[in-house]
Amino acid sequence: MSQNKQDTGFSFYIPLVLIAAFLMGCLAISLMDIREKASSVISDNPVSAADAVIKENTVRKSPVYNDGGLKFRLVSASDLGIGNKSVSQPDVPSESSVSSRTETANLDGGLKLPMEHYINFVPHKSGCVAYLTFDDGPSENTEAILDILDYYNVKATFFVIYHKDMEDKYKAIVNAGHAIALHSYTHDYSSVYAGEASFFNEMEMIGDYIYRQTGVRTMLMRFPGGSSNTISRKYSKGLMSVLKKSVKERGYVYQDWNVDSCDAEKSNTPPEKLLSNVRNSLGSKKTAVVLMHDGGNRTGTTVQALPAIIEFFYEKGYSMEKLDMTVEEIHHNW
């Protein structure tokens, strides 16, 4: 009688043992699968453990250095609606290039962006440099432009004017590490070019406003319409010849541009056309000061074109930097 009870008790534990063994086997298989995937990621994408910790809704940046030059970056987008491009990943990159290895995610507005974007670098021995510049902002596009620049780890220069209720945008430009510069207070040609005194009043007003909002005091500027503009003749004939001398005497440095996206010429120019304009305008220039706009009612597609423009310069082997007072000036001579 006692023997039967003992057998019955032992039989009770058999199913529990089998269930526990099954669960342990499943756990072991899962761990092996995770380990294989992790090993594959590490071998393909050599990033540090710290880089692997990604906070939700942030942008991932994992530089890998090779022989003193930045050869490879991995960035991962959260929910940026900034277009998409895919090209094949070279086994041994011989020049700067951009490619995507992962599936794209559908974002708001139907736009797509690779969740993981690979940018391959080689040291820029040629010394080619592109300076991306944005005029007439800030605007409702500023945040998207800053997101795109951050995604690609690019610094740019914003030639700003006064816009009401945009205080946070001026601060955002500076806080993101970009250069902020002067483009007049009103961008109203009748005021800016009414005379020498009026011009400098405009520049001082925007300079003071930038300083109040950001704490940055800048003397870097761009003439509204560029130094070769002819519209100033309507208000003060011969003024530009005077101003191009007097700005230097007062300590300003002005930059024109030698590559034009033409984004402000027509409304809603297709992004592909803006890229083509940049490509054709660049030619063989080793130093490119690129004109784009962050503001104005004709520049709605600039944001859509910007990723492709940045990738174009990466593929051409250009570094992208922000302007400062020491960069050699690009002036229009016509």
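K.L.:
How should I be thinking about the environment of Tyr318 in this particular structure?
P.N.:
Residue placement: Tyr318 occurs in the loop between α9 (302-315) and β15 (319-320). Accessibility expressed as a relative area gives 4% for Tyr318, which makes it buried. Separated by 31 residues in sequence, Tyr318 and Thr287 place their C-alpha atoms 8.8 Å apart. A distance of 2.3 Å separates a polar side-chain atom of Tyr318 from the backbone oxygen of Lys285.

K.L.:
What should I look at first to understand unusual backbone geometry in this one?
P.N.:
Leaving glycine out, the prevailing phi sign among residues is negative, and the prevailing peptide bond configuration is trans. Along the chain, Gly137 connects to Pro138 via a cis peptide bond; the corresponding omega equals 0°. Within the fold, Pro138 resides in the loop between β8 (129-137) and α3 (142-151). The phi torsion at Asp136 lies on the positive side, around 75°, for a residue other than glycine. Take Asp136: it is sitting in strand β8. Of note, Ser184 is a non-glycine position whose phi angle comes to about 95°, a positive value. One can find Ser184 in the loop between β10 (179-182) and α5 (189-192). Overall, Ser184 belongs to the buried group, its relative accessible area being 0%.

K.L.:
Mind showing me how you'd approach α3 here?
P.N.:
Every α-helix winds through 3.6 residues per turn, so residues three or four apart in the chain are directed the same way. Residues Thr142, Ile145, Leu146, Ile148, Leu149 and Tyr151 constitute the buried set of α3. One or two steps after α3, the chain reaches Asn153, where phi turns positive at roughly 60°.

K.L.:
It is not clear to me how a nonpolar patch on the surface should be interpreted in this structure. Could you clarify?
P.N.:
On the surface, a nonpolar cluster with roughly 340 Å² of combined accessible area is contributed by Ile19, Phe22 and Leu23. Position of Leu23 among the secondary structure elements: in helix α1 (residues 2-44). On the accessibility criterion, Leu23 (52% relative accessible area) is exposed.

K.L.:
Sorry if this is basic, but what is going on with the pairing of β10 here?
P.N.:
Sheet faces and side chains relate simply in a regular strand, where the side chains alternate between the two faces. Side chains Ala179 and Ala181 project from β10 onto one buried face, and the interleaved Ile180 and Leu182 project onto a second face that is buried too. Note: strand β9 (residues 157-160) against β10, 4 bridges, orientation parallel. Bridging across to β10, Thr157 finds its partner in Ala179. A crossover connection joins β9 to the parallel β10 through helix α4 (residues 167-175); in handedness this β-α-β unit is right-handed.

K.L.:
I'm lost on the layout of surface pockets in this one. Help?
P.N.:
Space left empty within the atom packing is revealed by a probe, the size of a water molecule, rolled over the atoms. Taken as a whole, the largest pocket encloses approximately 300 Å³ of empty space. Forming the boundary of the largest pocket are 19 residues, of which Gly225, Trp257, Ala264, Leu291 and His293 lie nearest the centre. Those elements giving two or more residues to the lining of the largest pocket turn out to be β8 and β14 (287-293). When its residues are assigned to classes, the lining of the largest pocket shows 7 nonpolar, 7 polar and 5 charged.

K.L.:
What's the story with the nonpolar core in this structure? I'm lost.
P.N.:
The nonpolar side chains of a soluble globular protein tend to be buried, and buried together. Counting 54 residues, the largest nonpolar core has Leu132, Leu149, Phe199, Ile310 and Phe313 as the members making the most contacts within it. Top contributing element to this core by residue count: α9, with 8 residues. For Phe313, the contacting residues outside a window of four places in its chain are Ala130, Leu132, Val278, Leu282, Ala288, Val290, Tyr318 and Met320. In this structure, Val129, Phe159, Ala181 and Val327 belong to the second largest nonpolar core, which totals 12 residues.

K.L.:
What exactly am I supposed to notice about the side chain of Thr301 here?
P.N.:
One can find Thr301 in the loop between β14 and α9. If sequence neighbours within four positions are ignored, Thr301 has contacts with Asn268, Thr269, Pro271 and Leu274.

K.L.:
I would appreciate a short explanation of the packing of aromatic side chains in the present structure.
P.N.:
Each pair of aromatic rings is reported with the distance of its centres and the angle of its planes. Within the structure shown, the criterion is met by 12 aromatic pairs. Pairwise contacts between aromatic rings join Tyr189, Tyr193, Phe199, Phe200, Phe223, Tyr252 and Tyr254 into one cluster. Positioned above the aromatic ring of Phe200 is the side chain of Arg250, whose terminal nitrogen or guanidinium carbon lies 3.8 Å from the ring centre.

K.L.:
What am I meant to see in α4 here?
P.N.:
Of all the residues in α4, the buried ones are Lys169, Tyr170 and Ile173. The buried residues of α4 occupy an angular sector of 100° when the element is viewed end-on, so they sit on one face. Those residues of α4 that are buried are in contact with α3, β9, β10 and α6 (196-214). A positive backbone phi angle near 90° is found at Gly177, which sits one or two residues after α4.

K.L.:
Honestly, the packing of helix α8 (residues 271-282) against α9 in this entry has me stumped. Any pointers?
P.N.:
The axes of two packed helices give the description: the angle between them and the distance between them. Between α8 and α9, whose axes approach to 8 Å, the crossing angle comes to 40°. Note that α8 runs across α9; the crossing there is right-handed. Counted together, Pro271, Leu274, Leu275, Val278, Arg279 and Leu282 of α8 and Thr302, Gln304, Ala305, Ala308, Ile309, Phe312 and Phe313 of α9 form the full contact between these two elements. When the residues that make up the contact of α8 with α9 are grouped by side-chain class, the tally is 10 nonpolar, 2 polar and 1 charged.

Rules of the game
- Residues numbered from 1 in each chain as written.
- Predicted model: local features only at pLDDT ≥ 70, side-chain atom pairs only at ≥ 80, totals over all residues.
- Heavy atoms only, no water.
- Helix = DSSP H or I, 4+ residues; strand = E, 2+ residues; numbered from the N terminus.
- Buried < 20%, exposed > 50% of the residue type's maximum accessible area, 1.4 Å probe, protein only.
- Polar contact = N/O pair within 3.5 Å; in protein donor to acceptor, adjacent residues only side chain to side chain.
- Patch = residues over 30% accessible without salt bridge, like charges linked within 9 Å, V, L, I, M, F, W, Y side chains within 5 Å.
- Areas by Shrake-Rupley, 256 points an atom, 1.4 Å probe, with all protein chains shown as cover.
- Salt bridge = Lys/Arg side-chain N within 4 Å of Asp/Glu carboxyl O.
- Pairing = 2+ DSSP bridges.
- Right-handed = clockwise from strand over helix to strand, strands pointing away.
- 1 Å grid on protein atoms, 1.4 Å probe; cavity = no way out; pocket = protein on both sides within 12 Å on 5 of 7 lines; lining within 4 Å.
- Points joined across faces, edges and corners; volume = space filled by probe spheres on them.
- Nonpolar A, V, L, I, M, F, W, Y, C, P; charged D, E, K, R; others polar.
- Core = buried A, V, L, I, M, F, W, Y, C linked by side-chain atoms within 4.5 Å.
- Contact = heavy atoms within 4.5 Å.
- Phe/Tyr/Trp six-rings, centres within 6.5 Å; stacked < 30°, edge-to-face > 60°.
- Lys NZ or Arg CZ within 6 Å of the ring centre and 35° of its normal.
- Arc of directions from axis to C-beta.
- Axes fitted to C-alpha atoms, helices over the stretch in contact; angles between N-to-C directions.
- Left-handed = near helix turned anticlockwise from the far one by under 90°.

No statement about biological role is implied by the geometric values presented.
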